[in-house]
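Topology and contacts: notes
Residue strings, one per chain:
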Number of protein chains: 4
Amino acid sequence: MIAKTAPMGWNSWDCYGASVDEATVRKNAEYMAKNLKQYGWEYIVVDIQWYEPSADNNDYNDFADICLDEYSRVIPAENRFPSSKGGKGFKPLADYVHSLGLKFGIHIMRGVPRIAVHGKGKIKGTNKTARDIASVWVQRPGEEFRVTNSCFWNTDMYGVDTTKEGAKEYYDSIFELYASWGVDFIKCDDIARELPHHEEELKMISNAIKNCGRDMVFSVSPGPSRLERSEFYKQYANMWRITDDFWDEWHFLYEMFERAEKWSIHSGAGHWPDADMLPIGPIRQCYDKNGWTKFTHDELYTNLTLWSIMRSPLIIGGEMTGFDDFTLKLVTNENILKMHKDARHSHQVWRKEIDGSEYVLWTAVSKQGQYVAIFNIGESKGKISIPLTDLEIDESVSALELWTGERAQFDSDITVELPPHATKVFLLK
Amino acid sequence: MIAKTAPMGWNSWDCYGASVDEATVRKNAEYMAKNLKQYGWEYIVVDIQWYEPSADNNDYNDFADICLDEYSRVIPAENRFPSSKGGKGFKPLADYVHSLGLKFGIHIMRGVPRIAVHGKGKIKGTNKTARDIASVWVQRPGEEFRVTNSCFWNTDMYGVDTTKEGAKEYYDSIFELYASWGVDFIKCDDIARELPHHEEELKMISNAIKNCGRDMVFSVSPGPSRLERSEFYKQYANMWRITDDFWDEWHFLYEMFERAEKWSIHSGAGHWPDADMLPIGPIRQCYDKNGWTKFTHDELYTNLTLWSIMRSPLIIGGEMTGFDDFTLKLVTNENILKMHKDARHSHQVWRKEIDGSEYVLWTAVSKQGQYVAIFNIGESKGKISIPLTDLEIDESVSALELWTGERAQFDSDITVELPPHATKVFLLK
Amino acid sequence: MIAKTAPMGWNSWDCYGASVDEATVRKNAEYMAKNLKQYGWEYIVVDIQWYEPSADNNDYNDFADICLDEYSRVIPAENRFPSSKGGKGFKPLADYVHSLGLKFGIHIMRGVPRIAVHGKGKIKGTNKTARDIASVWVQRPGEEFRVTNSCFWNTDMYGVDTTKEGAKEYYDSIFELYASWGVDFIKCDDIARELPHHEEELKMISNAIKNCGRDMVFSVSPGPSRLERSEFYKQYANMWRITDDFWDEWHFLYEMFERAEKWSIHSGAGHWPDADMLPIGPIRQCYDKNGWTKFTHDELYTNLTLWSIMRSPLIIGGEMTGFDDFTLKLVTNENILKMHKDARHSHQVWRKEIDGSEYVLWTAVSKQGQYVAIFNIGESKGKISIPLTDLEIDESVSALELWTGERAQFDSDITVELPPHATKVFLLK
Amino acid sequence: MIAKTAPMGWNSWDCYGASVDEATVRKNAEYMAKNLKQYGWEYIVVDIQWYEPSADNNDYNDFADICLDEYSRVIPAENRFPSSKGGKGFKPLADYVHSLGLKFGIHIMRGVPRIAVHGKGKIKGTNKTARDIASVWVQRPGEEFRVTNSCFWNTDMYGVDTTKEGAKEYYDSIFELYASWGVDFIKCDDIARELPHHEEELKMISNAIKNCGRDMVFSVSPGPSRLERSEFYKQYANMWRITDDFWDEWHFLYEMFERAEKWSIHSGAGHWPDADMLPIGPIRQCYDKNGWTKFTHDELYTNLTLWSIMRSPLIIGGEMTGFDDFTLKLVTNENILKMHKDARHSHQVWRKEIDGSEYVLWTAVSKQGQYVAIFNIGESKGKISIPLTDLEIDESVSALELWTGERAQFDSDITVELPPHATKVFLLK
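These numbers come from a predicted model, not from an experiment.

1. Things to note about the overall build of chain A
A tally of regular secondary structure across chain A gives 12 helices and 21 strands. Taking 429 residues into account, the globule formula puts the C-alpha radius of gyration at 22 Å, and chain A, at 22 Å, falls close to it. Projected onto its principal axes, the C-alpha positions of chain A cover 75 × 50 × 35 Å. In chain A, which comprises 429 residues, the share counted as buried stands at 65%. Nonlocal contacts in chain A, meaning residues at least 24 apart in sequence, comprise 73% of its contacts between residues at least 6 apart. Only carbon and sulfur atoms are counted for the fraction: they give 46% of the accessible area of chain A, which is about 15,100 Å².

2. Thoughts on the relation of the copies chain C and chain D
Mapping chain C onto chain D is achieved by rotating through 180 degrees and translating by 0.0 Å along the same axis, at an RMSD of 0.0 Å. One copy is carried onto the other by what is essentially a two-fold rotation axis. No C-alpha of chain C lies nearer the rotation axis than that of His345 of chain C, which sits 3.1 Å from it.

3. Brief notes about the relation of the copies chain A and chain D
The transform that puts chain A on chain D rotates by 180 degrees and translates by 0.0 Å along the axis, for an RMSD of 0.0 Å. Comparing interface residues between copies, 100% of those in chain A also lie at the interface in chain D; the contact surface is shared.

4. Digging into the interface of chain A and chain D
Listed by partner, the interface residues are 27 residues for chain A and 27 residues for chain D. Buried area between chain A and chain D, both sides added, is near 2,500 Å², and the carbon and sulfur share of it is 62%. Applying the counting criterion to the chain A and chain D interface returns 2 salt bridges. Ionic pairing is found between Asp65 of chain D and Arg131 of chain A, a salt bridge with its closest N-O pair at 3.4 Å.

5. Regarding helix α10 (residues 297-309) of chain B
Residue and element names in this part refer to chain B. Here α10 contains 13 residues, and its C-alpha end-to-end distance of 18 Å stays within 8% of the 18 Å for a straight helix at 1.5 Å per residue. Taking burial as the measure, the 13 residues of α10 include 10 buried ones, the bulk of the element. Along α10, the positions that sit buried rather than exposed are Glu299, Leu300, Thr302, Asn303, Leu304, Thr305, Leu306, Trp307, Ser308 and Ile309. Downstream of α10 by a residue or two, Arg311 has a phi angle that is positive, lying close to 65 degrees.

6. Details of the arrangement of the chains
No interface is formed between chain A and chain C, the nearest pair of C-alpha atoms being 16 Å apart. In this structure chain B stays clear of chain D, and the shortest span between their C-alpha atoms is 16 Å.

7. Some thoughts on empty space enclosed by the protein
Each pocket or cavity is described by its volume, and for the largest cavity that value is around 200 Å³. Lining the largest cavity are 22 residues; nearest its centre among them are Ser267, Arg311 and His345 of chain A together with His347 and Glu392 of chain B. Elements represented by at least two residues in the lining of the largest cavity include exactly β14 (344-354) of chain A together with β14 (344-354) of chain B.

8. Describing the interface of chain C and chain D
The interface is formed by 28 residues belonging to chain C together with 28 residues belonging to chain D. When chain C packs against chain D, close to 2,200 Å² is buried across both sides, 45% of that on carbon and sulfur atoms. A per-residue breakdown of the area chain C buries against chain D is headed by Ile265, His345 and Glu392 of chain C, which together make up 32% of the total. The interface formed by chain C and chain D includes 8 salt bridges. Summed over the shared surface of chain C and chain D, the number is 16 residue pairs in polar contact (both at pLDDT 80 or more). Of all elements in the fold, only α8 (230-236), β14 (344-354) and β15 (357-366) of chain C reach the threshold of two or more residues within the side of chain C that touches chain D. Per-element accounting of the side of chain C that touches chain D gives the leading share, 7 residues, to β14 of chain C. Split by residue class, the side of chain C that touches chain D holds 7 nonpolar, 10 polar and 11 charged.

9. A word on the packing of aromatic side chains
Under the counting rule described, the total for this entry stands at 104 aromatic pairs over all chains. A centroid spacing of 5.5 Å and a plane angle of 85 degrees characterise the contact between Phe175 of chain A and Tyr178 of chain A, whose relative ring orientation is edge-to-face. Of this pair, Phe175 of chain A and Tyr178 of chain A both sit in helix α6 (residues 167-181), 3 residues apart, roughly one helical turn. Here the two residues Phe175 of chain A and Tyr178 of chain A agree in accessibility, since each one is buried. Consider the rings of Phe90 of chain C and Phe104 of chain C, whose centres lie 5.4 Å apart with planes at 65 degrees: the pair is edge-to-face. Here Phe90 of chain C is found in the loop between β2 (43-46) and α3 (91-99), whereas its partner Phe104 of chain C is found in strand β3 (residues 103-109), with 14 residues between them in sequence. Accessibility classification places Phe90 of chain C together with Phe104 of chain C in one group, the buried group.

10. What about the packing of helix α9 (residues 250-263) of chain C against helix α10 (residues 297-309) of chain C?
Residue and element names in this part refer to chain C. α10 packs onto α9 with a crossing angle of 20 degrees between their chain directions and a minimal axis gap of 11 Å. In terms of axis orientation, α9 runs roughly parallel to α10. In the packing of α9 onto α10, the handedness of the crossing is left-handed. Seen from α9, the contacting residues are Trp250, Leu253, Met256, Phe257 and Ala260; seen from α10, they are Glu299, Thr302, Asn303, Leu306 and Trp307. Taken together, the residues of the contact of α9 with α10 break down into 7 nonpolar, 2 polar and 1 charged.

11. A word on the sheet that holds strand β9 (residues 185-189) of chain B
Residue and element names in this part refer to chain B. Read across the sheet, 8 strands follow the order β12-β11-β10-β9-β3-β2-β1-β13 without closing on themselves; strand pairing throughout is parallel. Strand pairing shows two members of the sheet lacking a second neighbour, β12 (272-274) and β13 (314-316), which therefore form its edges. Going across the sheet, the axis of each strand differs from the next one's by a mean of 25 degrees, ignoring polarity. Bridge analysis of strand β10 (residues 217-220) against strand β11 (residues 239-241) gives 2 bridges, and the strand direction is parallel. Its bridge partner lying in β11, Ser219 is registered against Met239. Sitting on the sheet, helix α3 (residues 91-99) touches β2 (43-46) and β3 (103-109), and the angle it makes with β3 is about 145 degrees.

12. Some thoughts on the sheet that holds strand β8 (residues 157-160) of chain C
All names here are of chain C. On the basis of which strands lie adjacent, the open sheet formed by 3 strands has the order β4-β8-β5 and antiparallel pairing. A strand with exactly one partner marks an edge of an open sheet, and here the two such strands are β4 (112-113) and β5 (134-135). Alignment of β4 against β8, held across 2 bridges, turns out to be antiparallel. Residue Pro113 lies in a different strand from β8, and its bridge partner there is Met157.

13. As for the pairing of strand β3 (residues 103-109) of chain A
All names here are of chain A. The element β3 is extensively covered by neighbouring structure, given that 6 of its 7 residues are classed as buried. Where β3 meets strand β9 (residues 185-189), 5 bridges bridge the pair, whose relative direction is parallel. Residue pairing across strands places Ile106 opposite Ile186, the latter belonging to β9.

14. Quick look at the confidence of the model for chain A
Of all residues in chain A, 100% attain a pLDDT of 70 or more, and the chain-wide mean is 96. Reported confidence for the predicted complex is 0.94 by ipTM and 0.90 by pTM.

15. Some remarks on the nonpolar core
With 249 residues, the main nonpolar core has Phe175 and Tyr178 of chain A together with Phe175 and Tyr178 of chain D as its most contacted residues. Those residues in contact with Tyr178 of chain D that lie beyond four places of it in its chain are Trp50, Val74, Ile106, Ile108, Val183, Ile186 and Met216 of chain D. Counting residues in each nonpolar core, the second largest holds 248 residues, with Ile44, Ala94 and Val97 of chain B together with Tyr233 of chain C among its members.

16. Regarding the pattern of salt bridges
Scanning the entire structure with this criterion turns up 111 salt bridges over all chains. One salt bridge in this structure joins Glu42 of chain D and Lys103 of chain D, with 3.6 Å as the shortest N-O distance. Pair noted here: Glu42 of chain D is in the loop between α2 (22-35) and β2 (43-46) and Lys103 of chain D is in strand β3 (residues 103-109), with a separation of 61 residues, a long-range link. Several salt bridges share partner residues, and in doing so they unite Asp69, Arg73, Lys124 and Glu176 of chain A into one network.

About the criteria used
- Residues numbered from 1 in each chain as written.
- Chains lettered and ligands numbered in written order.
- Predicted model: local features only at pLDDT ≥ 70, side-chain atom pairs only at ≥ 80, totals over all residues.
- Heavy atoms only, no water.
- Helix = DSSP H or I, 4+ residues; strand = E, 2+ residues; numbered from the N terminus.
- Rg over C-alpha atoms; globule rule 2.2 N^0.38 Å.
- Buried < 20%, exposed > 50% of the residue type's maximum accessible area, 1.4 Å probe, protein only.
- Contact = heavy atoms within 4.5 Å.
- Areas by Shrake-Rupley, 256 points an atom, 1.4 Å probe, with all protein chains shown as cover.
- Least-squares fit on C-alpha atoms with pLDDT ≥ 70 in both.
- Buried area = accessible area lost by both parts, 1.4 Å probe.
- Salt bridge = Lys/Arg side-chain N within 4 Å of Asp/Glu carboxyl O.
- Expected span 1.5 Å × (residues − 1).
- 1 Å grid on protein atoms, 1.4 Å probe; cavity = no way out; pocket = protein on both sides within 12 Å on 5 of 7 lines; lining within 4 Å.
- Points joined across faces, edges and corners; volume = space filled by probe spheres on them.
- Polar contact = N/O pair within 3.5 Å; in protein donor to acceptor, adjacent residues only side chain to side chain.
- Nonpolar A, V, L, I, M, F, W, Y, C, P; charged D, E, K, R; others polar.
- Phe/Tyr/Trp six-rings, centres within 6.5 Å; stacked < 30°, edge-to-face > 60°.
- Axes fitted to C-alpha atoms, helices over the stretch in contact; angles between N-to-C directions.
- Parallel < 35°, antiparallel > 145°, perpendicular 65-115°, else oblique.
- Left-handed = near helix turned anticlockwise from the far one by under 90°.
- Pairing = 2+ DSSP bridges.
- pLDDT = per-residue confidence, 0-100.
- Core = buried A, V, L, I, M, F, W, Y, C linked by side-chain atoms within 4.5 Å.

Listed below in structure tokens is the structure:
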């Protein structure tokens, strides 16, 4: 089963935008193999526009001259990924990642390259050309006019019309290529939020992956995905973003609680609502060589606790080789990672104002007992007592706080003192 | 704690509309005491317009001459509730219900009687009159014009303006009266769906109940309540309707699955999303002396299973003294009622089409094991196999089917054969 | 033909709100007869709640004890209209107004009195009661729930259900009464803006007026009426409000230009879009004995010019006996009133910004020539030249400025200098 | 003054779609010069995609290889317009049209060619390239996401970002080219309906035309244009489409009455609401060599009458050389064309149902008298009498019916008998 538990890994976006290079990927893989692998971390993912030679930060160069092979398929820019020279694609890099005991992933954009469309590029396995399969228009439900069916924030691609001859061959051909490289994880962009008018294209991609001969996690972006289509995502993808990009400002973390509440019941083996990457440690370094997460320690605990109790995928966004001791410990806490792996039936219990601050209570169960997380998402420090009856517990319980390892006994209430943005999370028995 | 588990009882609406009388209430209380009490059933609730002398079916007589006491409070119509004569109100009837070991409830409408407003009726404990506290207008969010703040399907009341002097005294006075009668359960209508513009009135009623000196379950209607205000309902009410009136046609039951999915995580001790009454056995007899539920046996199992695994309140709508053997067994199955009482973390797992029919999978946990309900809500018979991994179970399990008592062993899949609208529900260990 | 030209008169609202009395009506009628009648002014209209004994300003007393006759029909409050004593209604006052050579009008609310409904008041000509014809609910298009069908700013009435037996008799009976009093003008409120759900009631009232045996102008309020139903208003009413209440603040006048543009083509003999009363001279005196219009002289010229070139009804809102010389001249300018009477095909030509101010150009034609009005509705003084080709005039024209009587010759442009909010209006030949 | 009266001419779209050729243009010009010129017809307009070599009907070939000059400007496809060979563009053809005493027009698409953008095509007068000025995205008001700023029904162009250096140079350069060819009329597409997000681009085009050194009528498409921006169109364009494409089916003509009513007051010298081309005689011949208008004679009279009384531009859509006698007379009726030229203050008077059919009354005035058109737009034949007072006429009038030349006298009513879809139009004196 693919993604039986929520995937754990690293992705280049938060630190390098569209401009990561091979050396950076290699050193992060090495760091992960040495320091994190034993805790369950395994995926190394190259994010967007690895086929764009001139990319050098978070922005996209409109109508850039991207790299294609003879069959209209994007290939790594050799100036950024030297081992790909000679038509080798990502195979050498993937091999190296595999040699470290890890798995290798790439980002792709929905669609077919515009320059292949205007240039009548060939498609493998058919005499149709890229021009024949481009999806020119789409009618969004409830809108007066149709719109052009292409990404609204990046000009690399036109959409693909799945009803056209050659469309299936195109998508089959790209995953055949990625399988030959040894890709284990596909992050497909410009496809999750825009449902329903891209559902057919998502299905075609999902089937192409399933039939490509190699197991690949199928992750779809960007968010917010549409709650009313939860069963569709479950059926065709392994993880789907539940928000737009998540970054290291408190309001993003605050807003995630509402998303998490709604999506919680849709987590399960093989299908994971994805709260996006963890912006921890060194980030945004394509803009600022000294970039570092703006989250406080309390906020980082809150970030990891929510992602873990809700069982979101955990994808590190920071440059791992620059981790300080705190950050390394943050992502290697065994209690927390055990909860991430073993929790079942996770859900919010309540969210309310108490004494001028705002609190959220989550719970989940495992064979070891009942997990309870208490978040202070308001702006003032508070000491609150939560009756065990709020958790429908009628007896005394012993408790382990997961981050600190402290033990306690609660008879009728759980009393905690929490600064703003801070968290406590217990395993109750 | 009030309503620590989801309330179980009987209500007069489904069979008698606005026209139930004292003899009918008494005989149902007697039947419950004799046949159902030992299974946990306890509330006997008189529904709407017990203060309307001319009510004789489900319809309301517009601008009817309803019965009031000297303080603008509605009192039972003596022609329908003879024991209330002499200003005794519902006390004699409540006393009788209590004598059977049961609890007594009544329905009320939000607001103050229109005839008291036009007649400048007195309010106990203040020199203000009914006219002074009537809430004349309300501005609904997003609408161009305000509207009159009165119920849009019954003319008995005007709303109450909680900012007015005398408003609190009015609401306090009515619950003081109900407490003196011995009322244990308040079903307040015209208040749940209309939030947010009635939130202040709901809060005032909730506080009046809490301060009236007697424990009363506070149930609010009609539905659908607003999901985005779930925390508000939790805080101020014990149960709230999640749909408009539920009746004995398949489409109502089919539609409940979507509501149930969304509300499931909001159930807990003291606060219960309410899927409405069970239209079982003899119903609608105010129109048809031979009225009987149109649900098939399979549909009735589905009805009781969904309500029980989601932990909705269970309120019987049929005339109990006319129950056949099937119906009596339906509401006295100990396995099902144990699930209703003990289930925790109930939620839908998935909903999907398989081989041309539509299926829903629910789960919940208790100390005894894991509950799993499989519903065929499509229109064709099917035999389906559900991998245990869908439930994140990795090992063989023994199973008890709750309705039939049959036992089984499942190694990797749960295979069931289900006619349309039918259900199987297991306890797995 | 009723209202062959747009009606001209006086109304009590702008100065007295709901509280005008008989003496005030008489003195205004006398003033009009003496000073304005020869210029075409003729209607004297008593506005809202003349049946409410305790009304004393612009506000309404909710659930007030209003005066009814034995047939549930409102009658004048005797304390305010002493001549109505002995069941004479408005006949003595109407007779007096007629004796001065003028016409008499009254305001009514759509519907049947609430106190008659709750009290089962009789209706003339039928054995049905007020309770039988009350329209309790209405479903507004596009809204989820129906609402109570009663005015949302005044509690005197419930709506009338035109499908009920007794409804026609009720409306016929009230106009029979008004005809017996000698009423010439009905301003019916709570009916124009709320279309379409009150269309049937408006039609029933219109037909009752047509069949009552006396000519009455039928004016409907409040605004804004719905442009898409223009033909409906034309067919059933003689004038209909195109805005909510118009008052003496510039923004109201500024906003009228947009309404006037849209409604201009719907003016014609017998059917007049109504820009509301002229808040000139002494107004709001029920609040402030020294109340006086806040409009400047330039704004008053603009007000009268727009109303006259668009052929809105002209209804004076101020207390006429307090007019100063300027105000009297304002409403007795013969050039302007001739344009009001003779203009045809009135319409806006353009509206645009020139040199930092905003200008509007209107035109209309009559047998005497072409009218042209130039309004500076911006906030800075300007001198602008308007090519005659904007008016599709290709030759020199002679011009008479209507307010000043000045004459000019324009060869290729009309050049005017206008302070903010000021107006020039010419007759070109 | 450009377009002092509403333009009259011929356009290739209705008969040839995107595929008209030089020979066809020449023969229509010759026919017009010989048969129609003396009645005021003057423009010969080549519609869309004259730069597309493979166009052969109404459809567009997505991503076609269109013809450009060295400065990214579209030029005629030489296989379709042989006289353009050698870089002469449309000059030889325009010269020929001018030699016949007529004027020459072309259609253009908003924007810059996609193939020039992907190929970094040069722009005259700047060192910026087509890629630098392409407008990639646009945010439509009220929508959650921005969309790609390109036409949603044709792939030739990307939009132009007017804030970019090089944008003005691009638009100036294309009109410099068209002026050098002798173009007199520009029909610019993909720009009218999409306001407001294309307003800046429309302004830039309008200014480029004004400054190009040659008078050109500026016509904008497609419709429906936005009524609330009427003053904007007036200021920057000479004519703008008020509907989507108009064709020879009754429902299109029926629906035009509502558009015409709303736009009527915005007609005037230099600025004309445009009801689209006249689909008369031979049309759609790129699909069907025998294509012929489906309108009946009555419908054709109605079409011409409405367009003429409202003063829409009159642009013939049929192949003129195939006109039958009826069609030639239709477009050369001197009474009608005089009304089209001389009418002022055109507007609808009313629209209503009479005896089961639906009628519309229009009027306009000229120095010769008052025009009145009566349209039966319902589905049954009727004889109706229209009181002269509906037109605010109080005396007897003599009348000339414009199509038949019949004369009549009307004393108090105009009585006409009209089959469904038929029209009478009178000049009253």
